[in-house]
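Single-letter residue listing:
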Amino acid sequence: MTRHGLHRITRFRNGPRRKAIAIGVVGGSVVAGIVATMMPLLASDELSIRAVADTTATAVAQDGDNATKSTLATCPTRCDGNPRGGREAVVEFAVTSVPAAAVNVRATLRMHAWQQFAATVTAHASTLSARETRPALAVAGAALDTVTGVSKGVNEWDVSGLVTGNGTWTVSLAQSGLDTRIYWASVENRNPDLRPSLVISYDIGARPSPVTTTRPAPPPSPSASPPTAPKPSPTVAPTRTPTPSPSTTIPSGKCGSVSNKLVPSCGAWWGMYSPAGAGGGWDHGKAITDVEAQVGRKFDIVHRYHDFSNAGSNGAFPDAYETQQMREGRLMFFAWESRDFSAGTTLKWADVYSGRQDATIDAVAGRIRATGVPVFMGFDHEPEDEPAKGSDAEFVRAWRYVYERFAKAGATNAVWVWTMMGWSGHYSRYAGLYPGDRYVDWVAYDPYNFHVCNGSTVWKSPSTTVDGFYRWLDENGIGAGKPRMLAEFGTNFNSADPGAKQRWFQEFPAALKAHPKIKAAIYFNSPGMTTRTSTCDMTMNHDASALAGFSQAGRDGYLRQPTGGSR
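So, how was this worked out
Residues numbered from 1 in each chain as written. Predicted model: local features only at pLDDT ≥ 70, side-chain atom pairs only at ≥ 80, totals over all residues. Heavy atoms only, no water. Helix = DSSP H or I, 4+ residues; strand = E, 2+ residues; numbered from the N terminus. Buried < 20%, exposed > 50% of the residue type's maximum accessible area, 1.4 Å probe, protein only. Pairing = 2+ DSSP bridges. Disulfide = S-S within 2.5 Å. Phe/Tyr/Trp six-rings, centres within 6.5 Å; stacked < 30°, edge-to-face > 60°. Lys NZ or Arg CZ within 6 Å of the ring centre and 35° of its normal. Expected span 1.5 Å × (residues − 1). Arc of directions from axis to C-beta. Polar contact = N/O pair within 3.5 Å; in protein donor to acceptor, adjacent residues only side chain to side chain. Contact = heavy atoms within 4.5 Å. Axes fitted to C-alpha atoms, helices over the stretch in contact; angles between N-to-C directions. Parallel < 35°, antiparallel > 145°, perpendicular 65-115°, else oblique. Left-handed = near helix turned anticlockwise from the far one by under 90°. Nonpolar A, V, L, I, M, F, W, Y, C, P; charged D, E, K, R; others polar. Salt bridge = Lys/Arg side-chain N within 4 Å of Asp/Glu carboxyl O. Lys, Arg positive; Asp, Glu negative; His and termini not counted. pLDDT = per-residue confidence, 0-100.

Run through unusual backbone geometry, naming residues and quoting values.
Here the residue pair Phe317 and Pro318 is connected by a cis peptide bond, since its omega of 0° sits within 30 degrees of zero. Mapped onto the fold, Pro318 is located in the loop between helix H2 (312-315) and helix H3 (320-327). Notably, Trp282 is not glycine yet its phi reads approximately 55°, a positive angle. Trp282 sits in the buried class, given a relative accessible area of 9%.

Describe in detail the pairing of strand S6 (residues 117-125), supporting the description with residues and values.
The buried fraction of S6 amounts to seven of the nine residues, a majority that puts the element mostly inside the structure. Here six bridges tie S6 to strand S7 (residues 143-150), and the two strands are oriented antiparallel to one another. Bridging across to S7, His124 finds its partner in Ala143. Bridge count between S6 and strand S9 (residues 167-176): six bridges; the pairing is antiparallel. Directly across from Thr122, in S9, lies its bridge partner Ala174.

Give a detailed account of the state of the cysteines, specifying residues and quantitative values.
Counted according to the given criterion, the structure contains two disulfides. Between Cys75 and Cys79 runs a disulfide, and the two sulfur atoms are separated by 2.0 Å. Between Cys75 and Cys79 the disulfide shows an S-S torsion of about 95°. By sign, it is right-handed. For Cys75, a relative accessible area of 4% puts it in the buried group.

Provide a residue-level description of the packing of aromatic side chains, including the pertinent values.
Considering all chains together, one arrives at 39 aromatic pairs under this definition. Ring plane angle 40° and centroid distance 6.0 Å describe the contact between Trp270 and Phe489, whose orientation is recorded as tilted. Of this pair, Trp270 sits in strand S12 (residues 269-273) while Phe489 sits in strand S21 (residues 484-491), and the two are 219 residues apart along the sequence. Here the aromatic rings of Trp399 and Trp416 are separated by 5.8 Å at their centres, their planes lie at 65°, and the arrangement is edge-to-face. Of this pair, Trp399 sits in helix H6 (residues 392-408) while Trp416 is found in strand S18 (residues 414-420), placing the two residues 17 residues apart along the sequence. What makes Trp416 buried here is its relative accessible area of 2%. Taken together through their ring pairs, the aromatic side chains of Phe308, Phe317, Phe334, Trp336, Trp349, Phe379, Phe395, Trp399, Tyr403, Phe406, Trp416 and Tyr439 make up a single cluster. In this structure, Arg484 is placed above the aromatic ring of Tyr470, and the distance from its NZ or CZ to the ring centre is 4.6 Å.

Let's hear about helix H1 (residues 284-295): which residues, and what values?
Along its 12 residues, H1 runs 17 Å from first to last C-alpha, staying within 8% of the 16 Å computed at 1.5 Å per residue. The set of residues buried in H1 consists of His284, Gly285, Ala287, Ile288, Val291, Glu292 and Val295. Each buried residue of H1 sits inside an arc of 170° when the element is viewed along its axis, so together they form one side. For H1, the side-chain oxygen to backbone nitrogen distance between the N-cap and Gly285 is 3.0 Å, and the N-cap itself is Asp283. Backbone geometry just after H1 places Gly296 at a positive phi near 75°.

Requested: an account of the environment of Pro483, with residues and values cited.
Examined against the element boundaries, Pro483 turns out to sit in the loop between helix H8 (462-476) and S21. Between the alpha carbons of Pro483 and Val263 there is a distance of 7.0 Å; along the sequence they are 220 residues apart.

Describe the environment of Pro516, listing the residues and the values that go with them.
With respect to the element layout, Pro516 can be found in the loop between helix H9 (500-513) and strand S22 (518-524). In this structure Pro516 comes out as partly exposed when scored by relative accessible area, which is 44%. Once the C-alpha coordinates of Pro516 and Cys266 are considered, the two residues, 250 residues apart in sequence, prove to be 9.1 Å apart. Apart from the residues lying within four places of it in its own chain, the contact partners of Pro516 are Tyr470 and Tyr558.

Break down the packing of helix H5 (residues 358-371) against H6 for me, citing the residues and quoting the values.
In the contact formed by H5 and H6, the axes pass within 9 Å of each other and the chain directions differ by 50°. If you check the angle between H5 and H6, you find them oblique. You can see that H5 and H6 cross each other, and the crossing is right-handed. On H6, the residues that touch Asp358, Ile361, Asp362, Val364, Ala365 and Ile368 of H5 are Tyr401, Val402, Arg405 and Phe406. Of the residues in the contact of H5 with H6, the class split is seven nonpolar, no polar and three charged.

Before we move on, can you summarise the pairing of S21 with the specific residues and values?
Across the eight residues of S21, eight count as buried, placing the element largely inside the fold. Where strand S19 (residues 442-445) and S21 come together, three bridges link them in parallel fashion. Note on S21: the bridge partner recorded for Ala444 is Met485. Relative to S21, strand S20 (residues 448-449) runs parallel, the two being bridged by two bridges.

Got a sec to walk through the pattern of salt bridges? Specific residues and values, please.
Following the criterion strictly, the structure yields 26 salt bridges and no others. Here Asp80 ties to Arg181 by a salt bridge, and the two come within 2.9 Å at their closest N and O atoms. Here Arg181 lies in the loop between S9 and strand S10 (182-185) and Asp80 lies in the loop between strand S3 (71-74) and strand S4 (87-95), a separation of 101 residues in the sequence. When its relative accessible area of 28% is taken as the criterion, Arg181 is described as partly exposed. Asp556 is paired through a salt bridge with Lys513; the nearest N and O atoms lie 3.3 Å apart.

Hey, could you go over the side chain of Lys501 for me, with residue numbers and the actual values?
Assignment of secondary structure puts Lys501 in helix H9. Buried within the structure, Lys501 lacks any salt-bridge partner; Asp537 is the closest side chain of opposite charge, at an N-O distance of 4.8 Å. Lys501 has contacts with Trp459, Thr491, Asn492, Phe493, Tyr523, Asp537, Met538, Thr539, Met540, His542 and Ala546, leaving out every residue within four places of it along the chain.

Can you tell me about the confidence of the model for the protein chain, naming the residues and giving the values?
As a note on interpretation, predicted positions should not be read in detail where pLDDT is low. Summing up the model confidence of the protein chain, the mean pLDDT is 83 and the portion of residues at 70 or higher is 82%. Scored below 50 in pLDDT, residues 206-247 shows 101 contacts in the model against residues more than four places distant or in partner chains.

Which residues make up the sheet that holds strand S2 (residues 53-58), and what values go with them?
One open sheet holds the five strands; their spatial order is S2-S4-S9-S6-S7, and the pairing between them is antiparallel. Of all the strands in the sheet, just S2 and S7 have a single pairing partner and so form its edges. Within the sheet, the average angular offset between the axes of one strand and its neighbour, ignoring direction, is 20°. Where S4 meets S9, seven bridges bridge the pair, whose relative direction is antiparallel. Across the sheet, Phe93 pairs through a bridge with Trp169, a residue of S9.

What follows is the structure, given as structure tokens:
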């Protein structure tokens with residue numbers, strides 16, 4: 001999503017857009033597990049885990065198959081006039097992703113109700129099967145926690161007395177004080193944000209560090225070019241048969257080496273997106289160097305968003321600013337969007353693969369080839385959020401078409417980065433959006449700790465923020481063996497804890513070390529990311545403590561990659 005001002009339309013991201021680790025519910029008992037190893041504490045982490053099964057236990061045969069319904073029910077023994085109408089919601093969780101070094105494990109069961117009720121609901125350890133159609137009620141297990149007065153929306157129970165290690169755990173909910181049914185969202189509910197979940201928090205024991213090396217966007221403005229803007233390269237007609245990219249795997253061996261697909265052998269690249277604005281004369285060079293002066297280092301990667309206009313600094317890229325940044329040893333990441341920022345128009349993917357944009361594609365490919373150095377190249381990041389452009393299959397077709405066009409033009413120095421949102425609500429779509437290993441060099445996603453910016457009250461640690469899609473990729477084999485990138489990432493501050501954002505940044509390098517396939521992380525430092533309020537600001541330099549934490553993260557050896565000639 002992009003316009004000139006921010007080079008990306010930064011719509012307010014609400015609801016389920018960003019979620020943590022998810023393990024889906026299916027039937028009806030609550031299960032969860034965690035491993036804890038007593039070690040010195042390093043940082044706090046949190047997982048949000050979905051159930052794998054749920055059902056409603058009852059003797060009422062008329063209920064039918066409770067394991068396939070979109071709701072669960074609770075009710076006392078005497079229920080709605082039936083002396084044997086009791087019901088218990090049974091939910092099962094399977095947890096496999098808590099690190100062995102986790103200690104001080106806490107677990108909270110979260111269930112959604114649609115109405116407020118003057119009832120008492122107790123969570124019990126359960127021996128019932130959440131996978132049965134309609135299991136018979138049994139003597140309740142140990143009581144774990146009680147909610148007195150059911151709230152409309154999310155209700156929470158502390159089930160830490162049950163959840164003690166990685167494994168499978170089942171919880172049942174028993175109701176008293178109100179002789180009518182309360183309905184709860186089940187794993188089959190069409191809204192994934194309402195489904196049962198288990199929030200697990202823990203501390204991390206110290207680990208040895210890896211070996212390291214030395215919302216609405218503003219109105220469109222006219223593109224501005226620096227005084228030394230380069231002349232665009234002539235359009236390049238396809239002349240070669242495309243060839244697949246070399247296999248992109250994470251290199252092993254001596255630290256300080258970088259592969260031909262820009263994968264560092266140790267650690268990760270540290271990058272920045274910092275938008276230029278009218279107040280600064282649309283100086284995209286100064287937008288980066290000003291932040292570099294604040295943090296006391298040069299960024300490895302500079303991220304820019306460009307359009308299909310093939311004109312000005314929006315579309316005729318690399319522009320003079322980017323050319324200078326490359327001369328100074330930075331890597332460029334060009335996120336190419338099929339739209340025209342200044343005109344406010346959007347292309348369809350069919351416009352791309354039909355050949356109607358060939359002149360633009362060839363001109364850009366020619367300029368990329370002329371740089372003579374490897375550059376990161378993306379096409380339509382977050383396509384799952386672009387329904388107006390076409391189907392998932394059309395996105396794949398357009399991606400492959402652009403890739404082949406670049407290959408024919410000899411722009412083989414383009415390193416292709418496939419960037420998704422990484423939201424669990426789209427997990428079912430990602431296989432269909434993946435162009436294939438031949439066409440992708442890096443797999444990227446955009447995780448955020450929005451906190452209250454999107455209406456949530458959950459503060460996600462850096463590890464939790466990056467972990468969900470990372471684990472999903474591991475479990476589903478998409479882009480197996482390819483390096484991963486946080487093409488965008490960011491965090492809000494916590495108005496109730498002024499030091500939280502600084503600590504978040506300080507803990508970020510440890511989160512990357514715990515997710516070693518992530519070989520690049522780029523901060524999205526736009527004030528237009530969300531609506532700025534007294535409790536929401538996603539920029540890394542909005543106050544002195546946040547800037548200090550971000551600067552400290554950038555000094556970590558894991559993020560100190562070689563630059564310039566060593567690339």
